[in-house]
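What follows is each chain in one-letter form.
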Amino acid sequence: MSPRTALARIRLNPHSRAVQRDLRDPTDMHRSLMRLVPDHLGTSPRQTAGLLYRLDETHTTSTLLVQATTLDPTRLPDDYGHTHVKDLTPMFNALKKGIAVRYRIVVNPVKTERLPLGQKGQRGKRIPLTGPDADHWWTSRAAEAGLDLRTLLPTPAAAVRSPAKGALQMRHHLVRYDGTATVTDPDALTHAVLTGIGRAKSYGAGLISLAPAATT
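Please read all numbers here as calculations on a predicted model, not as lab measurements.

A. Fine view of the overall build of the protein chain. On a plain count of helices and strands, the protein chain comes out with 6 helices and 11 strands. In the protein chain, buried positions account for 43% of the 216 residues. When contacts within the protein chain are restricted to residue pairs at least 6 apart in sequence, those whose partners lie at least 24 apart make up 72%. Roughly 12,600 Å² of accessible area belongs to the protein chain as shown, and the carbon and sulfur atoms make up 52% of that amount.

What follows is the structure, encoded as structure tokens:
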């Protein structure tokens, strides 16, 4: 049986004060989108709800894609934007080994600094990856997620910062990847779609979109 997951496409209203606030501060954006899922989900509500999101921007529009097991768009402000919600069950049913797909994802490609043996047990800093290193990171993560990449086009995205202050604040480096791939493991890909890929999922990273790719 395919998992039940919903995807909301919200075409944002640029005149909404709530939208303007959320676009300025990813922490406010995360707080607003968590209103779409049920309350009282425990100590890890985003993870429990399966909430992931991505902001797709063009020169004229800003669109939020929001995914979770349950979504209630009526809990957003009335002027937030135009929302269309669809069930992803047909997409999951269509995932078969060997099919070609188009994908889009925003990721936070990082590696953890290796520390000397004298600092065993401590965690090194997370180092942002760029260029070919970031491409290699995405290719590797995609393979783990059941995708054999055929093409990839990286587009730098605006970095976001965690709400902590001072030395505790983290800057999340983001890259958007578009391209084509072949499905190698439908179960692994389904899991990746449901749970997201990589870090910074509370800041708009990790949500992968899939669509059929033209074959020749």
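B. Focus on the nonpolar core. Judged by nonpolar contacts, the single largest core of 30 residues is most densely connected at Tyr103, Trp138, Leu147, Tyr177, Ile208 and Leu210. The set of elements that each furnish at least two residues to this core consists of helix H4 (89-94), strand S5 (100-107), helix H5 (131-144), strand S8 (147-149), strand S10 (171-183), helix H6 (186-195) and strand S11 (208-212). Among residues more than four places away in sequence, those in contact with leucine 210 are Met91, Leu95, Val101, Arg102, Tyr103, Leu189 and Val193. Counting residues in each nonpolar core, the second largest holds 20 residues, with Met34, Leu36, Val37 and Tyr53 among its members.

C. Here's a closer look at helix H2 (residues 26-34). Most of H2 is tucked away: 8 of the 9 residues are buried. Of all the positions in H2, only Pro26, Thr27, Asp28, Met29, His30, Ser32, Leu33 and Met34 are classed as buried. Two or three places before threonine 27, at the start of H2, stands the capping residue aspartate 25, its side-chain oxygen 2.8 Å from that residue's backbone nitrogen.

D. Summary view of the pattern of salt bridges. For the structure on display, the rule yields 9 salt bridges. We note a salt bridge from arginine 150 to aspartate 148, for which the minimum N-O separation is 3.2 Å. Across the pair aspartate 178 and arginine 176 runs a salt bridge whose closest N-O atoms are separated by 2.8 Å. Relative accessible area serves as the criterion here: at 15%, aspartate 178 is assigned to the buried category.

E. Geometry of the packing of aromatic side chains. All chains considered together, the criterion is met by 2 aromatic pairs. For the pair tyrosine 103 and tryptophan 138, a centre-to-centre distance of 5.6 Å together with 55° between the ring planes defines the contact as tilted. Here the residue tyrosine 103 occupies a position in strand S5, and tryptophan 138 occupies one in helix H5, the gap between them amounting to 35 residues. What makes tyrosine 103 buried here is its relative accessible area of 3%. A ring pair is formed by tryptophan 138 and tyrosine 177, whose centres lie 6.0 Å apart and whose planes are at 20°; its orientation type is stacked. Taken together, the residues tryptophan 138 in helix H5 and tyrosine 177 in strand S10 connect sequence positions 39 residues apart. Grouping aromatic residues by their ring pairs yields a cluster made of Tyr103, Trp138 and Tyr177.

F. Unusual backbone geometry, seen in detail. Positive phi, normally seen in glycine, also occurs at histidine 40, with a value near 60°. Mapped onto the elements, histidine 40 comes out in the loop between H2 and helix H3 (45-49). Overall, the relative accessible area of 81% leaves histidine 40 in the exposed class. One non-glycine residue, alanine 200, lies in the positive phi region at around 60°. Structurally, alanine 200 can be placed in the loop between H6 and S11.

G. Focus on the sheet that holds strand S1 (residues 6-12). Across the sheet, which stays open at both edges, the 4 strands sit in the order S2-S3-S1-S4 with antiparallel pairing between neighbours. One side of each edge strand has no neighbouring strand; the edge strands of this open sheet are strand S2 (52-57) and strand S4 (81-87). For this sheet the average axis-to-axis angle between neighbouring strands, irrespective of direction, equals 15°. Bridge analysis of S1 against strand S3 (residues 62-68) gives 6 bridges, and the strand direction is antiparallel. Paired with leucine 7 across the two strands is glutamine 67, which belongs to S3.

H. Focus on H6. Three or more residues of H6 are buried, namely Ala188, Leu189, Thr190, Ala192 and Val193. In this structure aspartate 185 caps H6, since a side-chain oxygen of it lies 3.2 Å from the backbone nitrogen of aspartate 187. Where H6 terminates, the next one or two residues include glycine 196, which has phi positive at roughly 85°.

What counts, and at which threshold
Residues numbered from 1 in each chain as written. Predicted model: local features only at pLDDT ≥ 70, side-chain atom pairs only at ≥ 80, totals over all residues. Heavy atoms only, no water. Helix = DSSP H or I, 4+ residues; strand = E, 2+ residues; numbered from the N terminus. Buried < 20%, exposed > 50% of the residue type's maximum accessible area, 1.4 Å probe, protein only. Contact = heavy atoms within 4.5 Å. Areas by Shrake-Rupley, 256 points an atom, 1.4 Å probe, with all protein chains shown as cover. Core = buried A, V, L, I, M, F, W, Y, C linked by side-chain atoms within 4.5 Å. Polar contact = N/O pair within 3.5 Å; in protein donor to acceptor, adjacent residues only side chain to side chain. Salt bridge = Lys/Arg side-chain N within 4 Å of Asp/Glu carboxyl O. Phe/Tyr/Trp six-rings, centres within 6.5 Å; stacked < 30°, edge-to-face > 60°. Pairing = 2+ DSSP bridges. Axes fitted to C-alpha atoms, helices over the stretch in contact; angles between N-to-C directions.

Function cannot be read off these values alone, since they describe shape.
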